[in-house]
Amino acid sequence: MRKASRTPTTNSEHIETGTSGTTTTNMHGPMKFHDEKLTADARRVVVRPFELAWQAHQSEPARALLLVEDIGRLNFSDASAELTQILAEFGERHWQIERVFERRFLHVIANLGFDEANFQDPHRKLIGAYFCHEYSYAAAALMNPSIVPHPDQSMLEPGSVRFVMSMRAVGEGHISSVAFREGILALGPKLSLWPTSGPALAAEQVPYCGTAAGGVSVTRNSDSTIGNCVIFPVTEAQRNGLEDLRLVRFTHEDGHVEWIGTYTAYSGLGIRSELMRTSDFGLFELTPLRGPAAANKGMALFPRKIGGKFAMIGRQDGKRLHLLYSDSLYEWPTIGSPLAGPKYSWELVQIGNCGSPIEINEGWLLLTHGVGAMRKYSIGAMLLDKSDPSLVLGRTRHPILMASEADRDGYVPNVVYTCGAVTIGDSLFMPYGFSDSGIGFASVDIRDLLEAMT
């Protein structure tokens, strides 16, 4: 898929209000656009490890080793004064920053082979501070959201749904991370985004809790809400980003529910599909997918098994949608069978999915993206048979969402894109990225959407 923006359209506001300017065509009923927009926000920062070379280069000692030795030579008074200054500057910006510095200190000396007993405060926390930095994780862009029901649906008005929305956030160095927002959808639908009060905190790597090969686990900081949690790359395969998470609430055959998302891991040199799993948005398992189908982007999992097998929608040849089946969540040994190819003018370059299929009474509702002339990205929809998703029952002849004048400018102009939607009452609610620069919100009556299909 596309790369995200290296130069933001805006980086000063994270919520805007006003009409979105995004349009829909050839619908029996108009698509509703909500006033809220999310855009890049340089003020949202987290504390991240500042990496220096751990290994010696030729005859030169490692830079990290030299830095620790230099800090250790500071006398008590100078070290105390420096730490006091750092805490005065950053203490109010970051929750329990002294604990962050202590954890980072322990990580550094373990990597360099120092004895922890040789260090006392203030030098311990000072070493941690020198090996940390502030990172503005959404300074360049917010884009490509997906949305799922929240694990907690208590204390809601009848018909309302509490949700978790994932977003691709892009910061310094063009690094993509996963950020979240929480909120409530009421019938209408009416959108209420929860504010992101308090500091954002990066998820921390912990011992792997799964069984799949190559997996890692990260945990949301206990002091962080879901909306203030950011998941950064933690492996070499993810070094340059976690891109375009497609979340789905998955129900297993025994009734157990978890939240599973496919995403693209980008190393800077290559890509691979990976899987995120969580039962509470507190502990996350990140695991690579294996097999020929996993070598491609844009895989999206059905919310339950089909015919006793896991099922995915993917684009395996760069142009068409494919239907994939597997006995394992992690192994995808075949590229499946073609489901649908480009048919209408707005999708002749390629089509792909826009998130996991959504189960409705009439079948599986699948949002799609199409690329047409001038590399314009638009969103459409298909209806698949509920018992046999290889059967396409209908598809929209025209886009249901495409960028018009107000939203067409950005790092990647003329693009609208989503990684997932959710039903609320008789409506489909869809957050969407525009021009790889921000996120808008739209909804449509499901009956109107189905009537627009041929």
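Please refer to the structure placed before this passage.
Keep in mind it's a predicted model, so treat the numbers as computed, not measured.

A. Here's a closer look at the overall build of the chain. A tally of regular secondary structure across the chain gives five helices and 31 strands. Its C-alpha atoms give the chain a radius of gyration of 23 Å, near enough to 22 Å, the size a compact globule of 454 residues would have. Each of the three principal axes of the chain carries a C-alpha extent, and together these read 75 × 45 × 45 Å. Residue burial in the chain is summarised as follows: out of 454 residues, 55% are buried. Put simply, 61% of the contacts in the chain that link residues at least 6 apart link residues at least 24 apart. Of the roughly 18800 Å² of accessible surface on the chain, 51% is carried by carbon and sulfur atoms. Charged side chains in the chain number 42 positive and 50 negative. The centres of these two groups are separated by 6 Å.

B. Representation of empty space enclosed by the protein within the structure. In the structure shown here, the tally under the stated rule is five cavities of 30 Å³ or more. By volume, the largest cavity amounts to about 140 Å³. Lining the largest cavity are 16 residues, with Arg44, Tyr137, Leu142, Met167 and Arg181 sitting closest to its centre. For the lining of the largest cavity, the secondary-structure elements that each account for two or more residues are β3 (37-39), β8 (175-186) and β13 (229-231). Here the element with the most residues in the lining of the largest cavity is β8; it accounts for three residues. Here the lining of the largest cavity is built from residues that sort into nine nonpolar, four polar and three charged.

C. Representation of the sheet that holds strand β20 (residues 321-326). Judged by pairing direction, the sheet is antiparallel, and its four strands sit side by side in the order β18-β19-β20-β21 without closing on themselves. Strands at the two margins of the open sheet, each flanked by one partner only, are β18 (300-301) and β21 (337-340).

D. Inspection of the pairing of strand β9 (residues 190-193) at higher detail. Judged by which residues are buried, β9 turns out to be one-sided: Leu191 and Leu193 face inward and are buried, whereas Lys190 and Ser192, on the alternate face, are not. Where β8 and β9 come together, four bridges link them in antiparallel fashion. Bridge pairing in β9 links glycine 183 to leucine 193. Linking β8 to β9, which pair antiparallel, is a turn of three residues; within it glycine 188 sits at a positive phi near 145°.

About the cut-offs
Residues numbered from 1 in each chain as written. Predicted model: local features only at pLDDT ≥ 70, side-chain atom pairs only at ≥ 80, totals over all residues. Heavy atoms only, no water. Helix = DSSP H or I, 4+ residues; strand = E, 2+ residues; numbered from the N terminus. Rg over C-alpha atoms; globule rule 2.2 N^0.38 Å. Buried < 20%, exposed > 50% of the residue type's maximum accessible area, 1.4 Å probe, protein only. Contact = heavy atoms within 4.5 Å. Areas by Shrake-Rupley, 256 points an atom, 1.4 Å probe, with all protein chains shown as cover. Lys, Arg positive; Asp, Glu negative; His and termini not counted. Charge placed at Lys NZ, Arg CZ, Asp CG, Glu CD. 1 Å grid on protein atoms, 1.4 Å probe; cavity = no way out; pocket = protein on both sides within 12 Å on 5 of 7 lines; lining within 4 Å. Points joined across faces, edges and corners; volume = space filled by probe spheres on them. Nonpolar A, V, L, I, M, F, W, Y, C, P; charged D, E, K, R; others polar. Pairing = 2+ DSSP bridges.

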